[in-house]
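Reading the structure
One letter stands for each residue in the lines below.
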Amino acid sequence: MIAQQIRDKIAAYLSRFFPGHELGDSEDIFSLGFVNSMFAMQLVNFVEHDFGIEIENEDMELDNFRSIGALVKLVERKAS
Amino acid sequence: MTTTAASNTEGAPVVRSEEDKTVKCVVWDLDDTLWSGVLLEDAQVALRDDAVRTIRTLDERGILHSIASRNDHGLAMAKLHELGIADYFLYPQISWRTKSAAVEAIAKSLNIGLDTIAFVDDQPFERDEVRFAHPTVRCFDAADAGAVADRPEMIPRFVTDDSRARRAMYQADIQRKIIEDEHRGSPDEFLASLGMSFTIAPAGEDDLKRAEELTIRTNQLNATGYTYSYEELDVLRRSPDHDLLIAGLRDKYGTYGKIGLALIERSSEVWTLKLMLMSCRVMSRGVGAVLLSYLMRRARDAGARLRAEFIATGRNRQMYVTYKFAGFREVERDGTTAILEVGDAPIQDFPPYIEVIVDEATTRSRQS
């Protein structure tokens, strides 16, 4: 999967949590509202299942999930 | 106020074998069981006093009720409403299918095991049919309806405020599920529509039975899986070096009861979260991070570093994710046990969609 496809898939997934808001690629999603435990878990599950990768404990850092751009980097790194 | 229904009033552990597992729901037949007579033949059926007395008594102990009856659904429900007792019954199964199928549907809807269900019917044939399909269901003759409440399996070890409100909590859950299924919009908008209020308070003596129950019954949203008995919790509650906090949640549909527990071990520089758990009933409400955010702020205000123990059980990953996304980082690890510590990231404000009420006693310094 090329970077653009990964990006679009992540952007589409996140858009459901922020309806009516166009997310920029480097925009901090955690600054947009309270990060509840359910959202965090859903985001981890989404990345693992939809990209077939495993998020290990050391990958589970806020900075890896902070924006569309950060998530693309995480997926590319884990998938390679 | 809390009362103990079991003969063991000191709260010492009672070891129960599988056979005398406490019943969680009693399923009632209607004709010649809940009322005298057959509804389709006599519109003036009268409630049986012994059955109604048993239903009320068990309801107060937190044991639920349902119905398995071969009858016309509309007619029977109308009669139950007319008699003023329809509210006691959750997921009533009134149709022409088998009673074993009805009992199974009830267990599934309530998310409880068949071995925690009892069935009352005047017909030996119906009792045999249920017993044959589900050998672990406890079956009683309607003639014994008045004595059912005295049986040991109908006497829970503890009766807490949460037990007494159990039926109302299940009814509220049925309401919420309907609303959630119909909801169109973001998850935050749905949460906002609930009008939630979350309370955090030091565990009082009245809370200890529920607290023990939470440590035993909570698996998925439990950071360490440590279980504590009533007595151990009572010691920790009074200990100057510990804080035992209990959290409750309610929304516009009613209360969820006491659903969260945190145990903090304090030294002057480091506070360690030994226990942090949330009932699975509130998993989709996002309140775990709210409690954590509160504890982080409190430790910071006291000038202490906040640490948390985490033991991976294979079922509690969500708690690890909760800690990490709240800004904790792993500082030590020994196999499946990790020590996490709050980093320098700013602490989140409480979400706008939930009102957080902190009992004043928790903010009072108990350091001496």
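In the block above lies the structure referred to throughout.
These numbers were taken from a predicted model, which means no experiment stands behind them. (Residues numbered from 1 in each chain as written. Chains lettered and ligands numbered in written order. Predicted model: local features only at pLDDT ≥ 70, side-chain atom pairs only at ≥ 80, totals over all residues. Heavy atoms only, no water.)

1. Points about the sheet that holds strand 5 (residues 93-95) of chain B
All names here are of chain B. Test applied: Whether two strands pair depends on DSSP finding at least two bridges between them. Helix numbering and strand numbering both begin at the N terminus, where a helix is a DSSP run of H or I of at least 4 residues and a strand a DSSP run of E of at least 2. What counts as an axis is a line fitted to C-alpha atoms, over the stretch in contact for a helix, and the angles between N-to-C directions run from 0 to 180 degrees. Residues are treated as being in contact if the distance between any of their heavy atoms lies within 4.5 Å.
Across the sheet, five strands lie side by side as 5-4-1-6-7; this open sheet has parallel pairing. On the outer flanks of this sheet lie strand 5 and strand 7 (138-141), each paired with one strand and no other. Averaged over all pairs of adjacent strands, the angle between their axes in this sheet comes to 20°, without regard to strand direction. Of the pairings in the sheet, the one linking strand 1 (residues 25-28) to strand 4 (residues 64-70) comprises four bridges and is parallel in character. In the sheet register, Cys-25 faces strand 4, and the bridge partner there is Leu-64. Its contacts with the sheet put helix 3 (residues 99-110) on strand 1, strand 4, strand 5 and strand 6 (117-121), and the angle it makes with strand 4 is roughly 150°.

2. Details of helix 9 (residues 230-238) of chain B
All names here are of chain B. For the record, the criterion: Partly exposed describes any residue whose relative accessible area lies between the buried limit of under 20% and the exposed limit of over 50%, with all areas from a 1.4 Å probe on protein chains only and scaled to the type maximum. Arc, as used here, means the arc of the directions from the helix axis to the C-beta atoms.
Considered for burial, the residues of helix 9 that qualify are Tyr-230, Leu-233, Asp-234, Leu-236 and Arg-237. Down the axis, helix 9 shows its buried residues gathered within 165° of arc, on one side only. More than 90 degrees from the buried face of helix 9, the exposed residues found are Val-235 and Arg-238. Of the surrounding elements, those touching the buried residues of helix 9 are helix 8 (208-217), strand 9 (242-251) and strand 10 (254-266).

3. Focus: empty space enclosed by the protein
Note the cut-off: Only protein atoms enter the 1 Å grid used here, on which a cavity is any set of points holding a 1.4 Å probe that cannot leave and a pocket is any open set flanked by protein within 12 Å on both sides along at least five of seven lines; residues with an atom within 4 Å of a point are listed as lining. Grid points are joined across faces, edges and corners, and a volume is the space filled by probe spheres set on the points. For this scheme, ten residues count as nonpolar: Ala, Val, Leu, Ile, Met, Phe, Trp, Tyr, Cys and Pro. Four count as charged, namely Asp, Glu, Lys and Arg, and the remainder, Gly too, count as polar.
Under the counting rule described, the total for this entry stands at four cavities of 30 Å³ or more. Counted as a void, the largest cavity has a volume near 70 Å³. In this structure, the largest cavity is lined by Ser37(A), Leu221(B), Met278(B), Val282(B), Met283(B), Gly286(B), Val287(B), Gly288(B), Gln318(B), Met319(B) and Thr322(B). Take the lining of the largest cavity: its biggest share by element is three residues, from helix 11 (residues 317-325) of chain B. Across the lining of the largest cavity, the residue classes break down as six nonpolar, five polar and no charged.

4. Describing the layout of surface pockets
Where empty space is left can be seen by rolling a probe of water-molecule size over the atoms. Reported here for the second largest pocket is a volume of approximately 570 Å³. The set of elements that each furnish at least two residues to the lining of the second largest pocket consists of helix 2 (37-51) of chain A together with helix 7 (187-194) of chain B. If one sorts the elements of the lining of the second largest pocket by residue count, helix 7 of chain B sits on top with four residues. Here the residues of the lining of the second largest pocket sort into 16 nonpolar, eight polar and four charged.

5. Some points on the packing of helix 3 of chain B against helix 4 (residues 124-133) of chain B
All names here are of chain B. Short version of the rule: For this classification, under 35 degrees means roughly parallel, over 145 means roughly antiparallel, 65 to 115 means roughly perpendicular, and everything else is oblique. Crossing handedness: left-handed means the near helix sits turned counterclockwise from the far one by under a right angle, and right-handed means the same turn made clockwise.
Contact geometry of helix 3 with helix 4 gives a least axis separation of 8 Å together with a crossing angle of 55°. As the angle between them shows, helix 3 and helix 4 are arranged oblique. In this structure, helix 3 meets helix 4 at a crossing whose hand is right-handed. Between helix 3 and helix 4, the contacting residues are Lys-99, Ser-100 and Val-103 on the first element and Glu-126, Glu-129, Val-130 and Ala-133 on the second. Residue composition of the contact of helix 3 with helix 4, by class: three nonpolar, one polar and three charged.

6. Describing the packing of aromatic side chains
Put simply, the test is: Here is the rule: rings of Phe, Tyr and Trp (six-membered ring for Trp) pair when centre to centre is within 6.5 Å. Planes less than 30 degrees apart are stacked, more than 60 are edge-to-face, and the remainder are tilted.
Enumeration over the complete set of coordinates arrives at ten aromatic pairs over all chains. Ring plane angle 55° and centroid distance 5.0 Å describe the contact between Tyr323(B) and Phe328(B), whose orientation is recorded as tilted. You'll find Tyr323(B) and Phe328(B) in the same group, each marked buried. Linked through ring pairs, Tyr13(A), Phe17(A), Phe18(A), Phe39(A), Phe46(A) and Phe51(A) together constitute an aromatic cluster.

Purely spatial values, then, with no claim about function.
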